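Overview (structure and organization)
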Amino acid sequence: MITLGIETSCDETSVALLKEDEVLINLISSQDIHNLYGGVVPELSSRAHLQIIMPLLNKALSDTNINLKEIDLITATAGPGLIGALLVGLTFAKGLAYSTDKPLVPVNHIEGHIFSGFLVNPKPEFPYLCLVVSGGHTLLLLVESDIAIKKIGTTIDDAAGEAFDKVSKLLGLGYPGGPLIQKAAEGQEHNLTEFPIAQTKNEFDFSFSGLKTSVLRFVQKEYNSSENIPIEDQKKIAASFQYAAIKALVLNCKRALNKYPVKSISIVGGVAANKLLKDEMEILAKRFKVSFVVPSLEYCGDNAAMIAYRGRKINQSGKRYDYSFNAFPKLKDHTFISSF
Ligand code: KG4
Ligand code: ZN
């Protein structure tokens, strides 16, 4: 069975083909245009998806020697994400499904991330804790099965990736912030200053807006403006921020491991590419004697392989959709299981 996956929720256009659960190809085209603006410009994102999606599909088909008619199932991200960007991919998928008379499965982007650990080996074992850390979401979940996902923590303000992006902009490092902060922090001590870890009412929730403000205040106090920060200090601030942000994520995972008897812990989403987070989580998992699963780099960020994988599982569950399914920009709690 061949499954086509289409992902266009933000600034990556991605097309993937799966044969059963095996990824045959996972093409990702990142939109560099946003680097000029220090963040994603929604209108530019929609236009760029529109331009690249057809050539990307053609390349995926020709590289794998697969004919459009051989595709058995079409899956596409329906939300959450930028509405214009989502509409490009979902409408494209609807057109393909209609013209080839193949079933269409609209996929929740976050569900795609949650199960992206199943694209690598070893895979997570149920029940597992899943830390979703992306540009738009920070969630701590108890994943009991393909259909039973309990939210135990979330951010009460900024997402983890958003904090990396905002602090990177503030330090004048550029966009996207995560990889740039990680690079700047490489080999640096994190003791230039100690940034705070927020306390939240629910011990599993996160808060990153105070951390971002602390970095801003520190920069204003010590250097007046970000343009005056010496390169060496810029690197040390990046390291101190990264340390505090990762510590906050790991702390809540530790609390959750103390409470929930799980077999694995998995980190997914763009921030799961962070080396310090991976190292710290691996140590934590060893201490609690659970397996640790982090997808390979190409499956951490936005990609269509995870959408195809999740869409295939939904299709196997017997759930069917018609073409009236709409794109949804915001994550609603019930969308975790409403796919079934
Ligand atoms: O999952 P993703 O590709 O897109 C969303 O669904 O949001 O996540 C993108 C986020 C961005 O905020 C980016 O700065 C962050 O992931 N990111 C990182 C790293 N690589 C990407 N954050 C920290 N360290 C990294 N190495
Ligand atoms: Zn994502």
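Below, the structure is looked at part by part.

1. Observations concerning the overall build of the protein
The helix and strand inventory of the protein stands at 11 helices and 10 strands. The C-alpha radius of gyration computed for the protein amounts to 20 Å, which stays within 12% of the reference 20 Å derived for 340 residues, consistent with globular compactness. Buried residues in the protein amount to 53% of all 340 residues. Taking the contacts inside the protein whose residues are at least 6 apart along the sequence as the reference set, 72% of them involve residues at least 24 apart. With an accessible surface of roughly 15000 Å², the protein has 53% of that area assigned to carbon and sulfur atoms.

2. A word on the side chain of Thr-100
With respect to the helices and strands, Thr-100 occurs in helix α2 (residues 83–100). Not counting chain neighbours up to four residues away, the residues in contact with Thr-100 comprise Leu-68 and Ile-74.

3. Concerning the sheet that holds strand β6 (residues 128–133)
Reading across from one edge, β8-β7-β6-β9-β10 is the order of the 5 strands in this open sheet, with mixed pairing throughout. In this open sheet, the two strands that pair with only one neighbour each are β8 (149–154) and β10 (291–293). On average, each strand axis in the sheet is inclined to that of its neighbour by 20°, with strand direction left out of account. Sheet topology places β6 next to strand β7 (residues 138–143); 6 bridges connect them, and they run antiparallel. Paired with Val-133 across the strands is Thr-138, a residue of β7. Here helix α7 (residues 231–259) sits on the sheet in contact with β6, β7, β8 and β9 (264–268), set at roughly 160° to β6. This element, helix α8 (residues 275–287), spans β6, β9 and β10 of the sheet and lies at about 170° to β9.

4. Quick word on the environment of Val-107
Position of Val-107 relative to the elements: it lies in strand β5 (residues 104–108). C-alpha separation for the pair Val-107 and Ala-308, spaced 201 residues apart in sequence, amounts to 8.4 Å. For Val-107, the residues in contact, after removing those within four places along its chain, are Thr-75, Ala-76, Thr-77, Ala-78, Gly-79, Ile-307, Arg-310 and Gly-311.

5. So, the packing of α7 against α8
With their axes 10 Å apart at the nearest point, α7 and α8 run at an angle of 25° to one another. With respect to α8, the axis of α7 lies roughly parallel. When the axes of α7 and α8 are compared, the crossing they make is right-handed. In this structure, α7 uses Gln-242, Tyr-243, Ile-246, Leu-249, Val-250, Cys-253, Lys-254 and Leu-257 to contact α8, whose residues at the interface are Leu-276, Leu-277, Glu-280, Met-281, Leu-284 and Arg-287.

6. Details of helix α4 (residues 160–170)
Here α4 has its buried residues at Ala-160, Gly-161, Ala-163, Phe-164, Val-167, Ser-168 and Leu-170. In this fold, the buried residues of α4 make contact with β6, β7, α5 (177–185), α6 (209–223) and α7. In the segment just after α4, Gly-172 is the residue with positive phi, at about 75°.

7. Quick word on the site of ligand 1
Looking at ligand 1, there are 19 residues lining it, with Gly-135, Asp-165, Gly-178, Gly-270 and Asn-274 nearest. In the environment of ligand 1, an oxygen atom lies 3.1 Å from a nitrogen or oxygen atom belonging to the backbone of Gly-161. For ligand 1, an oxygen atom lies 3.0 Å from a polar atom in the backbone of Gly-270. Here ligand 1 has 560 Å² of accessible area as a free molecule, and 86% of this is covered by the chains. When contributions to the shell around ligand 1 are tallied by element, the ones reaching two or more residues are α3 (109–114), α4 and α5. With 4 residues, the top contributor of residues to the shell around ligand 1 is α5. Within the shell around ligand 1, the residues separate by chemical class into 4 nonpolar, 13 polar and 2 charged.

8. Some remarks on the coordination of the zinc ion (ligand 2)
Summarising the metal site, the zinc ion (ligand 2) is bound by the protein donors His-109 (NE2), His-113 (NE2) and Asp-302 (OD), whose distances to it range over 2.0 to 2.1 Å. With 4 donor atoms in place around the zinc ion (ligand 2) and angles of 93 to 149° between them, the coordination shape is irregular. All donors to the zinc ion (ligand 2) come from one chain, and their sequence spacing reads H-x3-H-x188-D. In this pair, His-109 and His-113 both sit in helix α3, 4 residues apart, roughly one turn of the helix.

9. Structural notes on the pattern of salt bridges
Evaluated as defined, the whole model comprises 13 salt bridges. Here Arg-312 makes a salt bridge to Asp-21, at a shortest N to O gap of 2.7 Å. With Arg-312 in helix α10 (residues 304–316) and Asp-21 in the loop between β2 (12–19) and β3 (22–30), the pair connects residues that are 291 residues apart, well separated along the chain. Its relative accessible area of 6% is what places Arg-312 among the buried residues. For the salt bridge of Lys-212 with Asp-158, the shortest nitrogen-to-oxygen distance reads 3.2 Å. Of the two residues, Lys-212 sits in helix α6 while Asp-158 sits in the loop between β8 and α4, which places them 54 residues apart along the sequence. In this structure, a network of salt bridges that share partners links the residues Glu-20, Asp-21, Arg-312 and Lys-313.

Scoring rules and cut-offs
Residues numbered from 1 in each chain as written. Chains lettered and ligands numbered in written order. Predicted model: local features only at pLDDT ≥ 70, side-chain atom pairs only at ≥ 80, totals over all residues. Heavy atoms only, no water. Helix = DSSP H or I, 4+ residues; strand = E, 2+ residues; numbered from the N terminus. Rg over C-alpha atoms; globule rule 2.2 N^0.38 Å. Buried < 20%, exposed > 50% of the residue type's maximum accessible area, 1.4 Å probe, protein only. Contact = heavy atoms within 4.5 Å. Areas by Shrake-Rupley, 256 points an atom, 1.4 Å probe, with all protein chains shown as cover. Pairing = 2+ DSSP bridges. Axes fitted to C-alpha atoms, helices over the stretch in contact; angles between N-to-C directions. Parallel < 35°, antiparallel > 145°, perpendicular 65-115°, else oblique. Left-handed = near helix turned anticlockwise from the far one by under 90°. Near = heavy atom within 4 Å. Polar contact = N/O pair within 3.5 Å; in protein donor to acceptor, adjacent residues only side chain to side chain. Nonpolar A, V, L, I, M, F, W, Y, C, P; charged D, E, K, R; others polar. Donors = N, O, S within 2.8 Å, 3.2 Å for Na, K, Ca; no water. Tetrahedral: all angles 85-135°; square planar, octahedral: opposite > 155°, others 65-115°. Salt bridge = Lys/Arg side-chain N within 4 Å of Asp/Glu carboxyl O.

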